[in-house]
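# Observations on the model geometry
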Amino acid sequence: MKLVVVKFADPTTFGHWAAMEDVDTSQIRVCVAAGWLVEENDKYVKVALLLSKDKNEANSWIIIPGGCVLSMDEIKEVDWDA
């Protein structure tokens, strides 16, 4: 399995009345997720913070839509059997 760092654009919702100048200058938030690459395809990237030793369970994961991914860097390939 691979350890990765994913930089992504997080869609942002603002739930309050604001002047148009505030709306015009609002931006998306760029975030970073780091963890085990569980799955990667054209639609999304799935990264988990924790995996069980047998890789049958995960905890604290995020699914990032593919169109939001700005970059993904592999940190290390891990040989679980070593």
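To keep things clear, this report deals only with the structure shown in the data block. Keep in mind that what you see is a predicted model, and the values were worked out from it rather than measured.

The strand order across the open sheet built from five strands is 4-3-2-1-5, with neighbouring strands paired in antiparallel fashion. Among the strands making up the open sheet, the edge pair consists of strand 4 (58-65) and strand 5 (69-77). Recorded for the sheet is a direction-independent mean angle of 35° between the axes of neighbouring strands. Where strand 1 (residues 2-10) and strand 5 come together, seven bridges link them in antiparallel fashion. Paired with Leu3 across the bridge in strand 5 is Lys76.

So, about the nonpolar core. Here is a general trend for soluble globular proteins: nonpolar side chains tend to be buried in one another's company. Within the largest apolar cluster, 10 residues are counted, these being Val4, Val6, Phe8, Cys31, Ala33, Leu37, Val45, Val47, Ile64 and Cys68. Elements supplying a minimum of two residues to this core: strand 1, strand 2 (29-40) and strand 3 (44-51). Ignoring sequence-local partners within four residues, the contact set of Val47 consists of Val4, Val6, Ala34, Gly35, Trp36, Val38, Ser60, Trp61 and Ile62.

For Val78, the position within the fold is in the segment after strand 5. Setting aside residues no more than four positions away along its own chain, Val78 makes contact with Met1, Leu3 and Trp36.

What follows deals with the state of the cysteines. A full pass over the atoms with the stated rule returns zero disulfides. Its sulfur unpaired, Cys31 is 10 Å from the next cysteine sulfur, which belongs to Cys68.

Criteria and thresholds
Residues numbered from 1 in each chain as written. Predicted model: local features only at pLDDT ≥ 70, side-chain atom pairs only at ≥ 80, totals over all residues. Heavy atoms only, no water. Pairing = 2+ DSSP bridges. Helix = DSSP H or I, 4+ residues; strand = E, 2+ residues; numbered from the N terminus. Axes fitted to C-alpha atoms, helices over the stretch in contact; angles between N-to-C directions. Core = buried A, V, L, I, M, F, W, Y, C linked by side-chain atoms within 4.5 Å. Buried < 20%, exposed > 50% of the residue type's maximum accessible area, 1.4 Å probe, protein only. Contact = heavy atoms within 4.5 Å. Disulfide = S-S within 2.5 Å.

Purely geometric stuff here, so don't read any function into it on its own.
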